[in-house]
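Chain by chain, the residues:
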Amino acid sequence: MSSFLIAGNWKMNTGPKEAAELAAGIRDGLSGTPASTKVVVCPPFLSVAAAVRELSTAPVDIGVQNLHFEESGAFTGEVSTDMVKEAGCSYAILGHSERREYFGETDELVAKKVKKTIDAGLNAILCVGEKLEERKSGSHEMVVEKQFTAVANHLKESDLDRLTIAYEPVWAIGTGETATPTQAQEVHAFIRGLLKSAFPNADAKSVHILYGGSMKPANAQELLSQPDVDGGLIGGASLKAASFCELVEIAETVAA
């Protein structure tokens, strides 16, 4: 696999015009950067076309922030895997804590979406992670295992080629808080162990496990230096081309 994967989740930010400007800034900012780090950006649906256009000559993949598990039909407001592929995307973020919290997505629903995404030839970024009260009570590993197992039960070993896992301590998203490198490494190593247990004949190291709790240039080097942190799912820092490109540069430095 690539040394690191840096994925930007633009969330409900950037209309087509602003997305085009941000994508162009990322394209230009990465023009002199070595390409050992895989880079993905995930704009809102309406801004995907603008990002695809601006990044067509850059070593950057495009993803969406959600999709549906059915091929087509009466599912108002949803998009299918075929639509996502036709739009020029190759990744999908699934099970983000905001989808679980605000839109009621269950572990089983997320599992169906991940399975459909991989079966369609797309790459799934599965998000798992605990809330603050679950961290304080010491049940964070149980929460992560439950979320992971619901998905793993639907997958076969060959599906791991298209699976990325993002650990997002929910208490550190958009709060300015960050898990310490030690906390991040402990959970990432736990997830790696879950992969080994669920898929004993596969190479668990081949699956990128990203840190998704407020990674930014100021803390990226220490986080990316942990043995089981394979990159980041970036929120706020992905909305400025300079900071996002700096994260990619830091990943390149750590990899070297």
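Below you will find a few notes about this structure. Residue positions within a chain follow its written sequence, with the count starting from 1. Local features in this predicted model are restricted to residues whose pLDDT is 70 or higher, and side-chain atom pairs enter the listing and the counts only when it is 80 or higher, whereas totals over whole chains, interfaces and linings include all residues. By convention in this description, side-chain values take in all heavy atoms of the structure and omit both hydrogens and water.

### A word on the pairing of strand β4 (residues 91-94)
A two-sided burial pattern is seen for β4, the buried positions comprising Tyr91 and Ile93 on one face and Ala92 and Leu94 on the other. In the classification by handedness, the crossover that spans strand β3 (residues 60-64), the intervening helix α3 (residues 81-86) and the parallel β4 is right-handed. Where β4 lies against strand β5 (residues 123-128), 4 bridges are found, and the strand directions are parallel. When the bridges of β5 are listed, Ala92 appears paired with Ala124. Any residue under 20% of the maximum accessible area for its type is buried, any over 50% is exposed, and the rest in between are partly exposed; the area is computed with a 1.4 Å probe on protein chains only. The numbering of helices and of strands both runs from the N terminus, where a helix is a DSSP run of H or I of at least 4 residues and a strand a run of E of at least 2. Seen with its strands pointing away from the viewer, a crossover is right-handed when the path leading from the first strand over the helix to the second is clockwise. Strands qualify as paired when DSSP identifies two bridges or more between them.

### Quick notes on the pattern of salt bridges
Each reported salt bridge corresponds to a side-chain nitrogen of Lys or Arg within 4 Å of a carboxyl oxygen of Asp or Glu. Under the defined criterion, the tally for this structure stands at 19 salt bridges. Close ionic contact of Glu105 with Lys113 constitutes a salt bridge, the shortest N to O distance being 2.7 Å. Linked by salt bridges that have partners in common, Arg27, Asp28, Arg53 and Glu54 make up one network.

### Section: the environment of Val84
With respect to the helices and strands, the residue Val84 is situated in helix α3. Accessibility expressed as a relative area gives 4% for Val84, which makes it buried. A C-alpha to C-alpha distance of 9.8 Å links Val84 and Thr117, two positions 33 residues apart in sequence. Two residues qualify as a contact provided that any one of their heavy atoms is within 4.5 Å of a heavy atom in the partner residue. With residues near it in sequence (within four places) discarded, Val84 still touches Val64, Leu67, Val79, Cys89 and Leu122.

### Points about the nonpolar core
Definition of nonpolar core: a set of buried residues of the types Ala, Val, Leu, Ile, Met, Phe, Trp, Tyr and Cys, connected through side-chain atoms within 4.5 Å. By size, the foremost hydrophobic cluster in this structure holds 67 residues, and its most contacted members are Ile26, Val114, Leu195 and Tyr211. Ignoring sequence-local partners within four residues, the contact set of Val114 consists of Leu94, Ala124, Leu126, Val151, Leu155 and Leu163.

### Here we look at the environment of Gly8
Its place among the elements puts Gly8 in strand β1 (residues 5-9). Note on Gly8: relative accessible area 0%, which makes it buried. Linking Gly8 and Leu239, residues 231 residues apart in sequence, is a C-alpha distance of 7.9 Å. If near-sequence neighbours (up to four positions away) are discounted, Gly8 is found in contact with Val40, Val41, Cys42, Ile234, Ser238 and Phe244.

### Points about helix α10 (residues 241-255)
A helix is expected to span 1.5 Å for every residue after the first. An ideal rise of 1.5 Å per residue puts 21 Å on 15 residues; α10 measures up with 21 Å between its terminal C-alpha atoms. Those residues of α10 that sit buried are Ala241, Ser243, Phe244, Cys245, Leu247, Val248, Ile250, Ala251 and Glu252.

### Details of the packing of helix α7 (residues 140-152) against helix α8 (residues 181-198)
Helix packing geometry: the angle between the two helix axes and the distance between the axes. In this description, a line fitted to the C-alpha atoms serves as the axis of each element, helices being fitted only across the stretch in contact, and the angle between N-to-C directions of two axes falls anywhere from 0 to 180 degrees. Orientation of α7 relative to α8, taken along the N-to-C sense of each, is 35°, at an axis distance of 11 Å. Where α7 crosses over α8, the handedness of that crossing is right-handed. Contacts between α7 and α8 pair His140, Glu141, Val144, Glu145, Phe148 and Ala152 from the former with Val187, Phe190, Ile191, Leu194, Leu195 and Ala198 from the latter. Charged means Asp, Glu, Lys or Arg here, nonpolar means Ala, Val, Leu, Ile, Met, Phe, Trp, Tyr, Cys or Pro, and polar covers whatever is left, Gly included. Considered class by class, the residues forming the contact of α7 with α8 number 9 nonpolar, 1 polar and 2 charged. When the near helix sits turned anticlockwise from the far one by under a right angle, the crossing is termed left-handed; a clockwise turn instead gives a right-handed crossing.

### Looking at unusual backbone geometry
The backbone of Lys11 shows a phi angle near 50°, a positive value even though the residue is not glycine. Structurally, Lys11 is set in the loop between β1 and α1 (16-29). The phi torsion at Ser214 lies on the positive side, around 65°, for a residue other than glycine. By the element assignment, Ser214 lies in the loop between β7 (209-211) and α9 (217-224). Judged by relative accessible area, which is 21%, Ser214 ranks as partly exposed.

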